[in-house]
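Fold and geometry: a report
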Amino acid sequence: MARGTLFLVVGPSGAGKDTLLAGARAALEPGGAYVFPRRAITRPAAAGGEDHEAVSPEAFAEREAEGGFFASWRAHGLAYGLPACIPAALESGRHVVANVSRTILAEIAERACPAVIVEISAPPALLADRLAKRGREDRADAARRLAREGPSFPDRVTIRRVVNDGTPAAGIARLLAALSDA
């Protein structure tokens, strides 16, 4: 059995990653070939955005220390973790689609092969408008998120780009196309 591909989805705040991932999950997960792991985040479940496992900072730190995450990182004052079950899913031939921080791409890509980076983007004005509408950040926080530059992508990793500048259906179709060449 062939090993599955790890798709590392990245992009700036406001690019629509959560919306596109939810649409792709609805389209692909029922077939069983794709897995969309829920991230553990030290953010309340009611905060909106992606469907995540809300954990306290203390519970997160304990789980992290016990090796309960495949990968973990900190960003925007929160801790994020991907479940430790990812390698088993890949070994069983399933493709894993995970929303990650650009700051840990090299680390994850080095441990999971094959890995494909899927960069979701949108024009700057659209990013600013989406951040304002979602209402999770004040203006200063939104400006910091928009100004944030990510690290360059690691060498020897396939990169697929999805421009999410239209309807959600169009963006989901573009993401599905980026995931289809596994």
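Structural data are supplied above this passage.
As the structure is a prediction and not an experimental result, all values here were calculated from the model. (Residues numbered from 1 in each chain as written. Predicted model: local features only at pLDDT ≥ 70, side-chain atom pairs only at ≥ 80, totals over all residues. Heavy atoms only, no water.)

1. Description of the overall build of the protein chain
The helix and strand tally for the protein chain stands at 7 helices and 9 strands. Looking at the protein chain alone, contacts between residues at least 24 apart form 68% of all its contacts between residues at least 6 apart. With an accessible surface of roughly 9,100 Å², the protein chain has 53% of that area assigned to carbon and sulfur atoms. (Helix = DSSP H or I, 4+ residues; strand = E, 2+ residues; numbered from the N terminus. Contact = heavy atoms within 4.5 Å. Areas by Shrake-Rupley, 256 points an atom, 1.4 Å probe, with all protein chains shown as cover.)

2. Section: the packing of helix 1 (residues 17-28) against helix 7 (residues 168-179)
With their axes 9 Å apart at the nearest point, helix 1 and helix 7 run at an angle of 65° to one another. Crossing of helix 1 against helix 7: the hand is right-handed. Residues Thr 19, Leu 20, Leu 21, Gly 23, Ala 24, Ala 27 and Leu 28 of helix 1 touch helix 7, and the partners they reach there are Pro 168, Gly 171, Ile 172, Leu 175, Leu 176 and Leu 179. Classifying every residue of the contact of helix 1 with helix 7 gives 10 nonpolar, 3 polar and no charged. (Axes fitted to C-alpha atoms, helices over the stretch in contact; angles between N-to-C directions. Left-handed = near helix turned anticlockwise from the far one by under 90°. Nonpolar A, V, L, I, M, F, W, Y, C, P; charged D, E, K, R; others polar.)

3. Quick look at the nonpolar core
Counting 27 residues, the largest nonpolar core has Leu 6, Phe 70, Leu 82, Val 100 and Ile 108 as the members making the most contacts within it. Contributions of two or more residues to this core are made by strand 1 (6-10), strand 5 (69-75), strand 6 (78-83), helix 3 (86-91), strand 7 (95-99), helix 4 (105-111) and strand 8 (115-121). At 4 residues, strand 5 tops the list of elements feeding residues into this core. Look past the residues within four positions of Leu 6 in its chain and what remains in contact with it is Phe 70, Ile 86, Leu 90, Val 96, Ile 108, Ala 112, Pro 114, Ala 115 and Val 116. Core analysis: the next-biggest nonpolar cluster, separate from the first, contains 19 residues, Val 116, Ile 120, Ile 172 and Leu 179 among them. (Core = buried A, V, L, I, M, F, W, Y, C linked by side-chain atoms within 4.5 Å. Buried < 20%, exposed > 50% of the residue type's maximum accessible area, 1.4 Å probe, protein only.)

4. Quick notes on the side chain of His 52
Tracing the backbone shows His 52 in the loop between strand 3 (40-41) and strand 4 (53-54). When sequence neighbours within four positions are dropped, the list of residues in contact with His 52 reads Arg 38, Arg 39, Ile 41, Arg 43, Pro 44 and Ala 45.

5. Observations concerning the sheet that holds strand 7
Taken together, 5 strands build an open sheet; the order of strands is 2-7-1-8-9 and the sheet is parallel. Each end of this open sheet is capped by a strand with a single partner; those strands are strand 2 (34-35) and strand 9 (158-163). In this structure, strand 1 lies alongside strand 7, joined through 4 bridges in parallel fashion. Counted as the bridge partner of Val 9 is Asn 99 from strand 7. Where helix 1 meets the sheet, its contacts fall on strand 1, strand 2, strand 7, strand 8 and strand 9, and the angle it forms with strand 7 comes to roughly 160°. This element, helix 7, spans strand 1, strand 2, strand 7, strand 8 and strand 9 of the sheet and lies at about 170° to strand 9. (Pairing = 2+ DSSP bridges.)

6. Considering the sheet that holds strand 6
Taking strand neighbours across the sheet as the criterion, the 4 strands line up as 4-3-6-5 in an open arrangement whose pairing is mixed. Only two strands of the sheet have a single partner each, and these edge strands are strand 4 and strand 5. Where strand 3 lies against strand 6, 2 bridges are found, and the strand directions are antiparallel. Along strand 6, the bridge assignment pairs Ile 41 with Tyr 80. Contacting strand 3, strand 4, strand 5 and strand 6, helix 2 (residues 57-65) runs over the sheet at an angle of about 140° to strand 5.

From the geometry alone we can't say anything about function, so treat these as descriptive.
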